[in-house]
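Examining the three-dimensional arrangement
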Amino acid sequence: MPVITEIEDLKRIYKWRVPRMFYDYCESGSWTEQTFRENSSDFDDLYLRQRVAIDMTGRSTATQMIGQDVAMPVALAPVGLTGMQHADGEILAAKAAEKFGVPYTLSTMSICSIEDVAEHTSKPFWLQVYTLKDDDFMQRLFDRAKDAKCSAAVITVDLQMLGQRHKDIKNGLSAPPKLTAKSILDMSWRVAWGLEMLQTKRRFFGNIVGHAAGVDDPSSLSTWTAESFDQALNWDRIREFRKMWDGPLIIKGILDPRDALEALNVGADAIVVSNHGGRQLDGALSSIRALGPIMDAVGDRIEVHLDSGVRSGQDVLKAVAMGAKGCWIGRAYIYGLGAMGEKGVSEALRVIHKELDTSMGLCGRTDINAVNRDILMVPKGFSGDWEE
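This one's a predicted model, so the numbers in the text were calculated from it and none came from an experiment. (Residues numbered from 1 in each chain as written. Predicted model: local features only at pLDDT ≥ 70, side-chain atom pairs only at ≥ 80, totals over all residues. Heavy atoms only, no water.)

Between helix α5 (residues 89-100) and helix α17 (residues 342-362), the least distance of the axes is 8 Å, while the angle of their chain directions is 40°. Classed by the angle they form, the pair α5 and α17 counts as oblique. Relative to α17, α5 is oriented so that their crossing is right-handed. Across the interface between the two elements, L92, A93, K95, A96, A97, K99 and F100 of α5 pack against E342, V345, S346, L349, R350 and H353 of α17. Classifying every residue of the contact of α5 with α17 by side-chain character gives seven nonpolar, two polar and four charged. (Axes fitted to C-alpha atoms, helices over the stretch in contact; angles between N-to-C directions. Helix = DSSP H or I, 4+ residues; strand = E, 2+ residues; numbered from the N terminus. Parallel < 35°, antiparallel > 145°, perpendicular 65-115°, else oblique. Left-handed = near helix turned anticlockwise from the far one by under 90°. Contact = heavy atoms within 4.5 Å. Nonpolar A, V, L, I, M, F, W, Y, C, P; charged D, E, K, R; others polar.)

Okay, here's the thing in structure tokens:
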């Protein structure tokens, strides 16, 4: 096994091992990809205060997210098509998260189904749901989550319509993916990936095919996907979803303080400050810049998490210092999954934890729950000083 010291090490292996179609699906944003880039680069504008001659022994990164004990303030974010990055990818990622002691979030658009993941894990996971028009499908999705003992539902609210992602269109990435001569040729020399995919029965959207009305096979999936997302979504509709699910509820995709307050009013237990990894509205603020004003608006009335752009333990530390109760990682663990399967996800979590633990200690803190803005140097106007 190669020496892995940073997430970039996993990314290099991932790029070589996984077909270009699925690499680009992970490693791209919409339009010019400005927001995709700034999600990560804006973390660099926050500087850490180093402290010395402070007892750094007995450090702990353990905390809670929505009342659940976690080994560090990190959750694995929902990523569609995870099972195409590596055979049985959702199952492998969930197992790695369980062993490490952090939450795993299964996407509605996963290859492995809710039942598949539940069968191969022993601890509850979270289920992410899209805001679809079909009430019957939505209720049954929530019911399936309850039967699988999912401990939280995550409603993604920033995908009423799809942001244009140039690379996906050019690669024929759709639901299901369109195979072209170019993509087949590319897949043909990813031998290890191909052999693994041949050995699994899970190659289609397990939460959709056989569960949504009229979707009995992959060929009918494309039409269903195009027609199902609800462009008329409003907060009253989200209240209806709240009635369908009586467990902990997280609303993901918040960038504006006004929407954060709306999420509080519909009874959410937590929100995720997120721009969908820069894959929706290009030109939107990075999540880390949007975090401060949202924290000012909601205070401690609702738990706030951050997603998009997190690639290191230092990113996690900075987000927590800015007020987030936890961070969600997507691409960082997908790199590991595509590179090495379950072991790669474990490596990604190990790297992030090591960076978080070491950086926290060098900032003079021994408990992640005691981390606050005092460890940061935040430039003036970081969250914006905009004209009205």
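On we go.
Taken together, the side chains of V191, L195 and L198 define a hydrophobic patch exposed on the protein surface, amounting to about 310 Å² of accessible area. Along the polypeptide, V191 turns up in helix α10 (residues 191-198). Relative accessible area serves as the criterion here: at 53%, V191 is assigned to the exposed category. (Patch = residues over 30% accessible without salt bridge, like charges linked within 9 Å, V, L, I, M, F, W, Y side chains within 5 Å. Areas by Shrake-Rupley, 256 points an atom, 1.4 Å probe, with all protein chains shown as cover. Salt bridge = Lys/Arg side-chain N within 4 Å of Asp/Glu carboxyl O. Buried < 20%, exposed > 50% of the residue type's maximum accessible area, 1.4 Å probe, protein only.)

Before going further, it helps to spend a moment on the pairing of strand β11 (residues 326-329). Side chains G326 and W328 of β11 all project onto a buried face; the interleaved residues C327 and I329 project onto the opposite face, where all are buried too. Pairing of strand β4 (residues 74-76) with β11, which is carried by three bridges, proceeds in the parallel orientation. Residue pairing across strands places V74 opposite C327, the latter belonging to β11. For the crossover from strand β10 (residues 303-307) across helix α15 (residues 313-321) to β11, the handedness is right-handed. (Pairing = 2+ DSSP bridges. Right-handed = clockwise from strand over helix to strand, strands pointing away.)

Burial analysis of strand β6 (residues 126-130) places five of its five residues in the buried class, the great majority of the element. Side chains W126, Q128 and Y130 project from β6 onto one buried face, and the interleaved L127 and V129 project onto a second face that is buried too. Summarising the sheet, strand β5 (residues 105-106) and β6 pair through two bridges and their orientation is parallel. When the bridges of β6 are listed, T105 appears paired with W126. Note that the unit made of β5, helix α6 (residues 114-120) and β6 has a crossover that is right-handed. Taken together, the five bridges between β6 and strand β7 (residues 152-156) define a ladder with parallel strand orientation. Across the sheet, residue W126 finds its bridge partner in β7, namely A152.

Another aspect to go through is α17. Across its 21 residues, α17 extends 30 Å between first and last C-alpha, which sits within 8% of the 30 Å expected from 1.5 Å per residue. G364 lies just past α17 and shows a positive phi near 85°. (Expected span 1.5 Å × (residues − 1).)

Take the sheet that holds β11 next. Ordered by their spatial adjacency, eight strands build an open sheet running β4-β11-β10-β9-β8-β7-β6-β5, and the pairing between neighbours is parallel. A strand with exactly one partner marks an edge of an open sheet, and here the two such strands are β4 and β5.

It is possible for side chains bearing opposite charge to pair when their charged atoms get close. Across all of its chains, the model carries 25 salt bridges by this definition. With a shortest N-O distance of 2.8 Å, R190 and D186 are connected by a salt bridge. For the pair formed by R190 and D186, the shared burial category is buried. Of the charged contacts in the structure, one is a salt bridge between R239 and D236, with a shortest N-O distance of 3.1 Å. Remark: D236 and R239 occur in helix α12 (residues 235-244); sequence separation between them is three residues, near one turn of the helix. Through salt bridges with shared partners, one network takes in D135, D230, R237 and E240.

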